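Analysis of the macromolecular model
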Amino acid sequence: MASIAASSSSTFISSHKPNQAFNFKAVSLAVNGKSFQSLTLRSAPSRFRVRCAATPETVDKVCSIVRKQLALPETSEVTGESKFALLGADSLDTVEIVMGLEEEFGISVEEESAQTIATVQDAADLIEKLISKN
Amino acid sequence: MLWHYCKLGLKMKMHCFTQKMFCTSSLSPLQLPSRMETHLWYVLPNEVKSQSLLSQYVDLLSPIEKDHVFSMRGDELQKGALLARALVRTTISRYQIHSRVSPSSLVFRKNIHGKPEVIWEQSDDWHPPSLHFNLSHTSSLIACGVTVGSPIGIDVEEKQRTTKNNILSFAKRYFSCEEVKVLSAISDPEVQRHEFIKLWTLKEAYVKALGIGFSGAPFNTFTIRVGAANSNPEGSAIVVVPLEKPTNLTTNWQFAQVELAGSHYAAICRQNDGLSGGAMEVIVRKTIPLVEEHHVTTIDPIVPVDDFS
């Protein structure tokens, strides 16, 4: 489930295969020097997540809203770890995604919170936090 | 060697085929913008096809930039990210700044809000210019604005861009009341969509110029008022009006809107020094980094109209 697309920075664009996914069974994954706890280890303490992780259902709904907004092909992988910026979301896309999430989940997201959302998981976690406040 | 062209129609491509080391002398120098000018550079990704050229661009990047480019999900997104970095590095290094500046030697950082800026080498005998830049991209056009002496923000959008949400619903959620009224008054949905896109780019350009981003300046805390050209004696037709008191939003900014390549709206925001009579002097150049550029003499400044109905 926690599959991440890795990339080699020494290949030229023509030979690079960006959509190749690698399934890691390891406990943590180092990406650009930061480590992320995989979704299956929610109970482990995490230095990088201050919110409780959202349910897979919420994550899936967010993925589907993102996929629709960015018109991503079905073959394109979108998971909790997917970063909006790397999926090609510009500022208008991001705001539209947030609006889509507000409508889907019946919440209101302050613009100031938009800065904290970098990945699908961040969005899902924020949604659950806002839902629990309602 | 790179040739510098000032006239449309005189087009001679000379490709730079240096293998390992990139020669700075093959990038012809550029005059810095005067304090009254804004330079706007743009590149169209679908005009850049050569793999060897793309490889040369990769060689200009820092390791972090390379990581970022190759982390983008998909070939087109990677190419776009690569072109953006190549555009900003080649452009900035050409402004007659310092003999030791080459495209790959430039060092960038982000300010606390995430706005990128150049870190210049400091030395006793050289003071870096107050050169500012800002990038914006869509999948089909990447632009870089450059100024001296003023922060700058730019935003580009495809004219044909559609929104998944209904435009008025979106505007009611994110824009100011006055802006919603202006958009609501437009009866033709196509015109309304175009005006929405233009307004979006103006608002984005403003918050990018401020350097605090969308989170620092929620779009419903200020109005961008687009007046008819002759309504303001200063000649400046676009102003920003903060709506909250007190506010961290400043108003000494001037705006310009241009159409690029017939396909995109671009908004530019820079400080208003009170000297240039309101109208921004924008010099537009279309480019393929390391290869060619054209001074675009026939840009269409978007003249605001009073009445949309």
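Residues numbered from 1 in each chain as written. Chains lettered and ligands numbered in written order. Predicted model: local features only at pLDDT ≥ 70, side-chain atom pairs only at ≥ 80, totals over all residues. Heavy atoms only, no water.

Where an unreviewed UniProt entry is consulted, chain B appears under the name holo-[acyl-carrier-protein] synthase, with the organism given as Tagetes erecta.

As annotated in an unreviewed UniProt entry, chain A carries the name Acyl carrier protein and is attributed to Tagetes erecta.

1. Digging into the overall build of chain A
We count it as follows: Going along the chain from the N terminus, every DSSP run of H or I of four or more residues is numbered as a helix, and every run of E of two or more is numbered as a strand. We call a residue buried when its accessible area falls under 20% of the maximum for its residue type, exposed when it is over 50%, and partly exposed in between, using a 1.4 Å probe and counting protein chains only. Residue contacts are defined here by distance: any two heavy atoms, one from each residue, within 4.5 Å place the two residues in contact.
Counting its secondary structure elements, chain A contains four helices and four strands. Considering chain A as a whole, with its 134 residues, one finds that 40% of them fall into the buried category. Long-range contacts, defined here as pairs at least 24 residues apart, represent 54% of the contacts in chain A between residues at least 6 apart.

2. Observations concerning the overall build of chain B
Threshold: The accessible surface values rely on the Shrake-Rupley method and a 1.4 Å probe; as for residues, cover is taken only from the protein chains in view.
Each helix and strand in chain B was counted, giving seven helices and 13 strands. Out of the 309 residues belonging to chain B, those deemed buried represent 55%. Considering only contacts within chain B whose residues lie at least 6 apart along the sequence, 64% involve residues at least 24 apart. Split by element, the accessible area of chain B, about 14,200 Å² in all, is 55% carbon and sulfur.

3. With respect to the UniProt feature "domain: Carrier" (unreviewed entry) in chain A
Put simply, the rule reads: UniProt positions are given in the numbering used here, feature names are shortened, and annotations may be inferred rather than shown by experiment.
Per the UniProt record, "domain: Carrier" (unreviewed entry) is annotated on residues 56–131 of chain A. The annotated region residues 56–131 of chain A carries 59% helix and 0% strand content, and the separation between its end C-alpha atoms amounts to 15 Å.

4. Some thoughts on the sheet that holds strand β4 (residues 131–137) of chain B
Residue and element names in this part refer to chain B. What counts is decided by this rule: Paired strands, as defined in this entry, are two strands with at least two bridges between them according to DSSP. Note on geometry: axes are C-alpha line fits, over the in-contact stretch for helices, and angles between N-to-C directions span 0 to 180 degrees.
The strand order β4-β5-β1-β11-β12 describes an open sheet built from five strands, whose pairing is mixed. Strand pairing shows two members of the sheet lacking a second neighbour, β4 and β12 (292–296), which therefore form its edges. Between one strand axis and the next, the sheet turns through 20° on average, direction left out of account. Here six bridges tie strand β1 (residues 37–43) to strand β11 (residues 281–288), and the two strands are oriented parallel to one another. Paired with W41 across the two strands is R285, which belongs to β11. Across the face of the sheet, helix α3 (residues 75–94) comes into contact with β1, β4, β5 (142–148), β11 and β12 while running at roughly 160° to β4.

5. Some thoughts on the confidence of the model for chain B
Residue and element names in this part refer to chain B. Inclusion rule: Confidence of the predictor at the level of single residues is captured by pLDDT, which takes values from 0 to 100.
Residues with a pLDDT of 70 or more make up 83% of chain B, whose mean pLDDT is 84. At the level of individual helices and strands, chain B shows its lowest average pLDDT in strand β13 (residues 300–301), which scores 52, and its highest in helix α5 (residues 177–184), which scores 98. Long-range and interchain partners of residues 1–25, a stretch whose pLDDT sits below 50, account for 46 contacts in this model, where long-range means more than four residues apart. Note on residues 305–309: pLDDT is under 50 here. Beyond four places in sequence and across chains, it has six contacts. In the predicted assembly, ipTM is 0.81 and pTM is 0.79.

6. Quick word on the packing of helix α4 (residues 167–174) of chain B against α5 of chain B
Residues and elements named next belong to chain B. Basically, it comes down to this: We call two directions roughly parallel when the angle between them is under 35 degrees, roughly antiparallel when it is over 145, roughly perpendicular when it lies between 65 and 115, and oblique otherwise. Helix crossings are classified by the rotation of the near helix relative to the far one: an anticlockwise turn of less than a right angle makes the crossing left-handed, while a clockwise turn makes it right-handed. Only Asp, Glu, Lys and Arg are considered charged, only Ala, Val, Leu, Ile, Met, Phe, Trp, Tyr, Cys and Pro nonpolar, and every remaining residue, Gly among them, polar.
The interhelical angle for the contact between α4 and α5, taken along N-to-C directions, is 165°, at an axis separation of 8 Å. In terms of their interaxial angle, α4 and α5 are classed as roughly antiparallel. Relative to α5, α4 is oriented so that their crossing is left-handed. Contacts from L168, A171 and K172 of α4 reach α5 at V180, L183 and S184. The class makeup of the residues in the contact of α4 with α5 is four nonpolar, one polar and one charged.

7. Quick notes on the pairing of β12 of chain B
Residue and element names in this part refer to chain B. Most of β12 is tucked away: four of the five residues are buried. Of the strand pairs in this sheet, β11 and β12 are connected by five bridges, and their pairing is antiparallel. Looking at β12, one finds that T287 is bridged to E293. Following β11, the chain reverses through three residues before pairing antiparallel with β12; L290 in that reversal takes a positive phi of roughly 75°.

8. Points about the environment of L249 of chain B
Residues and elements named next belong to chain B. Mapping L249 onto the fold places it in the loop between β8 (238–242) and β9 (253–260). Between the C-alpha atoms of L249 and V207, which are 42 residues apart in sequence, the distance is 9.1 Å. Residues within four places of L249 in sequence aside, it is in contact with Y206, L210, I212, A217, T221, F222 and P242.

9. Considering the interface of chain B and chain A
As a reminder, the rule being used: Accessible-area loss on putting two parts together, using a 1.4 Å probe and summing over both, is the definition of buried area adopted here. Salt bridges are defined as contacts in which a side-chain nitrogen from Lys or Arg sits within 4 Å of a carboxyl oxygen from Asp or Glu. Two N or O atoms form a polar contact when they lie within 3.5 Å of each other; inside protein one atom must be a possible hydrogen donor and the other a possible acceptor, and for residues adjacent in sequence the pair counts only when both atoms belong to side chains.
Between chain B and chain A, the residue contacts involve 34 residues of the former and 34 residues of the latter. For the pair chain B and chain A, the summed buried surface comes to about 3,300 Å²; carbon and sulfur atoms form 55% of the total. Taken as a group, F70, R73 and S215 of chain B account for 23% of the area that chain B buries against chain A, more than any other trio of residues on that side. Taken together, the connections running from chain B to chain A amount to four salt bridges. Between D90 of chain A and R161 of chain B there is a salt bridge, with the nearest N and O atoms lying 2.7 Å from each other. Here chain B is connected to chain A by eleven residue pairs in polar contact (both at pLDDT 80 or more). When contributions to the side of chain B that touches chain A are tallied by element, the ones reaching two or more residues are α1 (51–60), α2 (63–71), α3, α4, α6 (189–210) and α7 (213–216) of chain B. Classifying every residue of the side of chain B that touches chain A by side-chain character gives eleven nonpolar, 13 polar and ten charged.

10. Brief notes about the packing of helix α2 (residues 91–105) of chain A against α6 of chain B
Packing of α2 of chain A against α6 of chain B brings their axes to within 11 Å, and their N-to-C directions diverge by 105°. In terms of orientation, α2 of chain A and α6 of chain B fall into the roughly perpendicular class. Here S91, L92 and V95 of chain A of α2 of chain A come into contact with α6 of chain B, specifically with F196, W200 and E204 of chain B. In the contact of α2 of chain A with α6 of chain B, the residues fall into four nonpolar, one polar and one charged.

11. What about unusual backbone geometry?
All names here are of chain B. Cis geometry marks the peptide bond from K245 to P246; its omega dihedral reads -5°. Tracing the backbone shows P246 in the loop between β8 and β9. With a phi angle near 55°, A261 is a residue other than glycine that sits in the positive phi range. Among the structural elements, A261 can be located in the loop between β9 and β10 (264–271). Residue A261 is classed as partly exposed on the basis of its relative accessible area, which comes to 43%. One non-glycine residue, L290, lies in the positive phi region at around 75°. Within the secondary structure layout, L290 lies in the loop between β11 and β12.

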